[in-house]
Amino acid sequence: MLVDLSGILKSNGAKIDINTSILLPDTDFLGEMFSFNKPVCVKGSIFNDGETLEFNANIKGSTNVVCSRCLAPLEYEFDFDFTEYLKQQDGMTDVDDESDIILFSGNSIDISDIILNNFLTGMPGKYLCSESCKGVCPDCGANLNVEQCSCNKDNIDPRFAVLKELLKNDD
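Residues numbered from 1 in each chain as written. Predicted model: local features only at pLDDT ≥ 70, side-chain atom pairs only at ≥ 80, totals over all residues. Heavy atoms only, no water.

(A) Examining the overall build of the chain more closely. If you tally the helices and strands in the chain, you get two helices and nine strands. Traced from its N-terminal end to its C-terminal end, the chain shows the element sequence β-β-β-β-β-β-β-β-β-α-α. Taken against the 2.2 N^0.38 rule, which gives 16 Å for 171 residues, the C-alpha radius of gyration of the chain at 25 Å runs more than 25% over that of a compact globule. Principal axes of the C-alpha set define a box for the chain whose edges measure 80 × 35 × 25 Å. When the 171 residues of the chain are sorted by exposure, 33% land in the buried category. Residue pairs at least 24 apart in sequence account for 55% of intrachain contacts in the chain once pairs closer than 6 positions are excluded. If you sum the accessible surface of the chain, you get close to 11,100 Å²; carbon and sulfur atoms cover 48% of it. Positive and negative side-chain charges in the chain, numbering 13 and 29 respectively, have mean positions lying 10 Å apart. (Helix = DSSP H or I, 4+ residues; strand = E, 2+ residues; numbered from the N terminus. Rg over C-alpha atoms; globule rule 2.2 N^0.38 Å. Buried < 20%, exposed > 50% of the residue type's maximum accessible area, 1.4 Å probe, protein only. Contact = heavy atoms within 4.5 Å. Areas by Shrake-Rupley, 256 points an atom, 1.4 Å probe, with all protein chains shown as cover. Lys, Arg positive; Asp, Glu negative; His and termini not counted. Charge placed at Lys NZ, Arg CZ, Asp CG, Glu CD.)

(B) Structural detail: the packing of aromatic side chains. Enumeration over the complete set of coordinates arrives at seven aromatic pairs. Ring centres of Phe-36 and Phe-119 lie 5.2 Å apart, and the angle between their planes is 70 degrees; on these two criteria the pair is classed as edge-to-face. Here Phe-36, found in the loop between strand S4 (32-34) and strand S5 (40-48), pairs with Phe-119, found in helix H1 (residues 112-122); they are 83 residues apart in sequence, far enough to count as distant. Each member of the pair, Phe-36 together with Phe-119, is buried. (Phe/Tyr/Trp six-rings, centres within 6.5 Å; stacked < 30°, edge-to-face > 60°.)

(C) Spotlight on the confidence of the model for the chain. Of the residues in the chain, 92% reach a pLDDT of 70 or more, and the chain-wide mean stands at 86. Per-element mean pLDDT across the chain ranges from 72 in helix H2 (residues 161-170) up to 95 in S5. (pLDDT = per-residue confidence, 0-100.)

(D) Here's a closer look at a nonpolar patch on the surface. Judged by side-chain polarity, Ile-156, Phe-160, Val-162, Leu-163 and Leu-166 come together as a nonpolar surface patch covering roughly 470 Å² of accessible area. In this fold, Ile-156 is placed in the loop between H1 and H2. (Patch = residues over 30% accessible without salt bridge, like charges linked within 9 Å, V, L, I, M, F, W, Y side chains within 5 Å. Salt bridge = Lys/Arg side-chain N within 4 Å of Asp/Glu carboxyl O.)

(E) Highlighting the pattern of salt bridges. Across all of its chains, the model carries two salt bridges by this definition. Across the pair Asp-17 and Lys-15 runs a salt bridge, and its minimum N-O distance is 3.6 Å. The exposure classification of Asp-17 matches that of Lys-15, with both residues exposed. Between Glu-75 and Lys-38 there is a salt bridge whose closest N-O contact spans 3.7 Å. On the criterion of sequence distance, the pair formed by Glu-75 in strand S7 (residues 73-88) and Lys-38 in the loop between S4 and S5 is long-range, its members being 37 residues apart. For Glu-75, a relative accessible area of 47% gives the class partly exposed. Of the residues examined, Lys-38 reaches a relative accessible area of 47% and is grouped as partly exposed.

Below, the structure is given as structure tokens:
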């Protein structure tokens, strides 16, 4: 989504309000696939503080992921705030000194990538269908929330058999 900044670029204290929805693309990030059935709501503002443009926003929506324990599909709702600093690239800006600032050229900026990047960095590392999720059986792959598996639970790695014998001696 392209935002026209020409009205605030040369006016200290000027502000643009943003209240829109953006449909984010399905994204694979760190082995997790995020898919979106509905647009993400974006509410915030871009404010000219005299040196940079401060982009403060809240993003709210839901994404489809899978449970980290049982691999069941689930819809995860998110709602969080972020702040980014933007600066018009004028050919004189040293990118190394401005590593926390997003540079843009012209009088507009596409905020879609900013929204997606903040979504990805703001999400937790794992998702659970419930706190009491039992996961899957490591031997047969059965979803232990749905069914009991009939795998032999006494099957132990031979390298650890000695430890099992030590536990028997303590009884």
